[in-house]
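What follows is the residue order along each chain.
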Amino acid sequence: MVAGADMPPSGAPGTDGIRSQRDDEPDVRFTYANERTFLAWNRTALALIATGVAATQLLPKLQVEWGRRLLGLPLIALGAVVAAESLRQWRANQRAMRRGEPLPRSWMPLVLTIGIVAIGAIAVAIAALGSG
Amino acid sequence: MATTPDPPDVGLAAERTVLAWNRSGLAVVVCVAVLLRHVWPLQGTDHEVALGLIGAAVIVWSLVFAVLMLSRGKRGPYVSHPENVFRLITAGTLLLALVGVVASFTAP
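Bear in mind the structure is a predicted one, so any value in this text is a computation, not a measurement.

Draft legend 1. Layout of the overall build of chain A. Each helix and strand in chain A was counted, giving three helices and zero strands. Counting over 132 residues, chain A shows a buried share of 34%. Of the contacts formed within chain A by residues at least 6 apart in sequence, a portion of 59% connects residues at least 24 apart.

Spelled out as structure tokens, the structure:
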């Protein structure tokens, strides 16, 4: 059996590929996908926060004063930004799917990449200053 | 009036979503454990207490998860969780971040 053979084809009468035939709720698969994306971003936020806390609490004292906080606090802040943004993105996606509009562009991957690169640079600077 | 039967769960979207919720629960447990490490550093003799805490966390998570899934089932398969559920999760994550910031300034 071909997967999706029983599903209404995208663009079929009564559907637009996003909405279900029943009501204004989007197709359940899209709702689930949006939910999983939110959860994945939320886990990323939790991982950043846990790493930040671990950096401030579990690392041995560094030679650079405030070194652990310089490393940990940006990670926690980035985690908080990702968590807040994930809710906004979930809401925007859900709204777009209900209206049958294109999904809004997400800046989160770019913000996350820049943030992690910046924190990596901080770590390198701390290591260089500590060994100097 | 004839009703259209529910489409099959192509791609097992529901199952993957349930697994995603479970992974998120585990991530919360790990984050809380890292924070607790500062408040209450467990020593070698505290293994039973630690195991008890982990067991209690599993029970609490299972109960919350069951309530969440049952409430979704009552509302029908086509309805997402209410927005308040997502708000609550985000608020909880932000609260953990805030506790982490406070903890970083009270580190020994």
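Draft legend 2. Quick peek at the overall build of chain B. The helix and strand tally for chain B stands at three helices and zero strands. When its helices and strands are written in sequence order, chain B yields α-α-α. With 108 residues in all, chain B has 16% of them scored as buried.

Draft legend 3. Seen up close, helix α3 (residues 83-105) of chain B. Over its 23 residues, α3 of chain B runs 34 Å from end to end, which matches the ideal 33 Å to within 8%, given 1.5 Å per residue. Among the residues of α3 of chain B, F86, I89, T90, T93, L96, A97, G100 and A103 of chain B are the ones counted as buried.

Draft legend 4. Quick look at the interface of chain B and chain A. Counting from both sides, the interface comprises 39 residues of chain B and, opposite them, 43 residues of chain A. Mapped onto the side of chain B that touches chain A, the elements with two or more residues apiece are α1 (13-39) and α3 of chain B. The biggest single contributor to the side of chain B that touches chain A is α1 of chain B, with 16 residues. For the side of chain B that touches chain A, the per-class residue count stands at 24 nonpolar, ten polar and five charged.

Draft legend 5. The arrangement of the confidence of the model for chain A in detail. Residues and elements named next belong to chain A. Of the residues in chain A, 81% reach a pLDDT of 70 or more, and the chain-wide mean stands at 82. Mean pLDDT values for the elements of chain A range from 90 in helix α3 (residues 108-131) up to 93 in helix α2 (residues 67-99). Contacts of residues 1-23 to residues separated by more than four positions or lying in other chains number 30 contacts, the stretch itself having pLDDT below 50.

Draft legend 6. Focus on the packing of α2 of chain A against α3 of chain B. Following both chains from N to C, one finds α2 of chain A and α3 of chain B inclined at 170°, their axes separated by 10 Å at the closest point. With respect to α3 of chain B, the axis of α2 of chain A lies roughly antiparallel. Packed against α2 of chain A, whose contacting residues are R69, G72, L73, I76, G79, A80, A83, A84, S86, L87, W90 and R91 of chain A, the element α3 of chain B presents E83, F86, R87, T90, T93, L94, A97, G100, V101 and S104 of chain B at the interface. Residue composition of the contact of α2 of chain A with α3 of chain B, grouped by class: eleven nonpolar, seven polar and four charged.

Draft legend 7. Local environment of the environment of I116 of chain A. If you trace the backbone, I116 of chain A turns up in helix α3. For I116 of chain A and G100 of chain A, which are 16 residues apart along the polypeptide, the C-alpha to C-alpha distance reads 34 Å.

Draft legend 8. The environment of R36 of chain A, seen in detail. Mapped onto the fold, R36 of chain A is located in helix α1 (residues 28-57). Classification of R36 of chain A by C-beta neighbours within 10 Å gives partly exposed; the count is 19. Note: C-alpha distance between R36 of chain A and W90 of chain A (54 residues apart in sequence) is 9.7 Å. Non-local contacts of R36 of chain A, meaning those with residues more than four positions away in its chain, are made with R16, T17 and A20 of chain B.

Draft legend 9. Representation of the confidence of the model for chain B. Residues and elements named next belong to chain B. For chain B, the mean per-residue pLDDT works out to 77, and 72% of the residues sit at or above 70. Across chain B, the element-wise mean pLDDT spans from 75 in helix α2 (residues 47-75) up to 90 in α3. Interface scoring of the predicted complex returns ipTM 0.75; its pTM is 0.77.

Draft legend 10. Up close: the nonpolar core. Counting residues in hydrophobic clusters, the biggest one holds 31 residues, and the most contacted among them are A45, L46, I49, A50 and V53 of chain A together with C31 of chain B. Counting only elements with at least two residues in this core, the list comes to α1 and α2 of chain A together with α1 and α3 of chain B. It is α1 of chain A that provides the largest number of residues to this core, a total of eleven residues. Discounting residues that sit within four places of it in the chain, V53 of chain A has contacts with G72 and I76 of chain A together with V34, L35, G100 and A103 of chain B.

What counts and what doesn't
- Residues numbered from 1 in each chain as written.
- Chains lettered and ligands numbered in written order.
- Predicted model: local features only at pLDDT ≥ 70, side-chain atom pairs only at ≥ 80, totals over all residues.
- Helix = DSSP H or I, 4+ residues; strand = E, 2+ residues; numbered from the N terminus.
- Buried ≥ 20, exposed ≤ 12 C-beta atoms within 10 Å, placed from the backbone.
- Contact = placed C-beta atoms within 7 Å.
- Expected span 1.5 Å × (residues − 1).
- Nonpolar A, V, L, I, M, F, W, Y, C, P; charged D, E, K, R; others polar.
- pLDDT = per-residue confidence, 0-100.
- Axes fitted to C-alpha atoms, helices over the stretch in contact; angles between N-to-C directions.
- Parallel < 35°, antiparallel > 145°, perpendicular 65-115°, else oblique.
- Core = buried A, V, L, I, M, F, W, Y, C linked by C-beta atoms within 7 Å.

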